[in-house]
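Below are the chains, spelled out letter by letter.
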Amino acid sequence: MINQMLKSVIDMDRSSVVICNLNHTIVYMNPAAIRRYDKRGGVNLIGRSLLNCHNDKSNDIILQVVAWFEESEDNNMIYTFHNEKENKDVYMVALRDEDRKLIGYYEKHEYRDRETAKIYDFSKSLV
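Conventions used here
Residues numbered from 1 in each chain as written. Predicted model: local features only at pLDDT ≥ 70, side-chain atom pairs only at ≥ 80, totals over all residues. Heavy atoms only, no water. Helix = DSSP H or I, 4+ residues; strand = E, 2+ residues; numbered from the N terminus. Buried < 20%, exposed > 50% of the residue type's maximum accessible area, 1.4 Å probe, protein only. Contact = heavy atoms within 4.5 Å. Pairing = 2+ DSSP bridges. Axes fitted to C-alpha atoms, helices over the stretch in contact; angles between N-to-C directions. Expected span 1.5 Å × (residues − 1). Arc of directions from axis to C-beta. Core = buried A, V, L, I, M, F, W, Y, C linked by side-chain atoms within 4.5 Å. Lys, Arg positive; Asp, Glu negative; His and termini not counted. Salt bridge = Lys/Arg side-chain N within 4 Å of Asp/Glu carboxyl O. Polar contact = N/O pair within 3.5 Å; in protein donor to acceptor, adjacent residues only side chain to side chain.

## Here we look at the side chain of Lys-88
With respect to the helices and strands, the residue Lys-88 is situated in strand S4 (residues 88-96). For Lys-88, a relative accessible area of 1% corresponds to the buried category. The contacts of Lys-88, once residues within four sequence positions are left out, are Arg-36, Phe-81, His-82, Asn-83, His-109, Glu-110, Tyr-111 and Arg-112.

## Describing the sheet that holds strand S1 (residues 18-21)
Spatially, S2-S1-S5-S4-S3 is the arrangement adopted by the five strands of the open sheet, whose pairing is antiparallel. Looking along the sheet, the strands with just one partner apiece sit at the ends: strand S2 (26-29) and strand S3 (77-83). Across the sheet, the mean angle separating the axes of adjacent strands is 20 degrees when strand polarity is ignored. Bridging between S3 and S4 involves six bridges; their strand directions are antiparallel. Following the sheet pairing, Phe-81 is matched in S4 by Val-90. Its contacts with the sheet put helix H3 (residues 56-71) on S3, S4 and strand S5 (102-111), and the angle it makes with S4 is roughly 45 degrees.

## Focus on H3
Its 16 residues place the ends of H3 23 Å apart at the C-alpha level, agreeing with the 22 Å of an ideal helix rising 1.5 Å per residue. Regarding H3, the residues found buried are Asn-59, Ile-62, Val-65, Val-66 and Phe-69. Buried residues of H3, seen end-on, are gathered within an arc of 125 degrees and therefore sit on one face of the element. Away from its buried face, by an angle of more than 90 degrees, H3 presents the exposed residues Asp-56, Lys-57, Gln-64 and Glu-71. Those residues of H3 hidden inside the fold are in contact with S3, S4 and S5.

## Points about the nonpolar core
In terms of nonpolar packing, the biggest core is built from 16 residues, with Val-18, Ile-26, Met-29, Phe-69, Met-92 and Tyr-105 touching the most fellow members. Mapped by element, the contributors of at least two residues to this core are S1, S2, H3, S4 and S5. Take this core: its biggest share by element is four residues, from H3. Ignoring anything within four residues of it in the chain, the contact list for Met-29 reads Val-17, Val-18, Ile-34, Tyr-37, Gly-42, Leu-45 and Ile-46.

## Things to note about the side chain of Arg-96
You can see Arg-96 is positioned in strand S4. Although buried, Arg-96 forms no salt bridge, and the nearest oppositely charged side chain, Glu-73, lies 6.3 Å from it. Here the side chain of Arg-96 touches Phe-69 through a polar contact of 2.7 Å, landing on its backbone oxygen. Separated by 3.2 Å, the side chain of Arg-96 and the backbone oxygen of Arg-100 make a polar contact. Non-local contacts of Arg-96, meaning those with residues more than four positions away in its chain, are made with Phe-69, Ser-72, Glu-73, Asn-75, Asn-76, Lys-101, Leu-102 and Ile-103.

Below you can see the structure in the form of structure tokens.
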């Protein structure tokens, strides 16, 4: 039950969530990510290497971040850049098991635009 609830939290997020294992294989994409990366393959990216989606410089940075995550169980989130066009900050986040062992990572997007929906507007869904 809790696993389905956690999956639902990720699936209802309006931001893209792409989860990778330590082999850099994309193991899950939420619906927002599938839509966002549709032109690059969308759902067909699952099971493929994230490193095939980036240039060499980006891949080097990804590998450095994962190595930093592995250095300490306290190294769990790092700011990677600000996307001016979409007004969002982007972070890489470590995923750890119950023993705090690193098991993967994902990219977190935090949009900075003020919400435009009306408060408690039951006439439409935001997702």
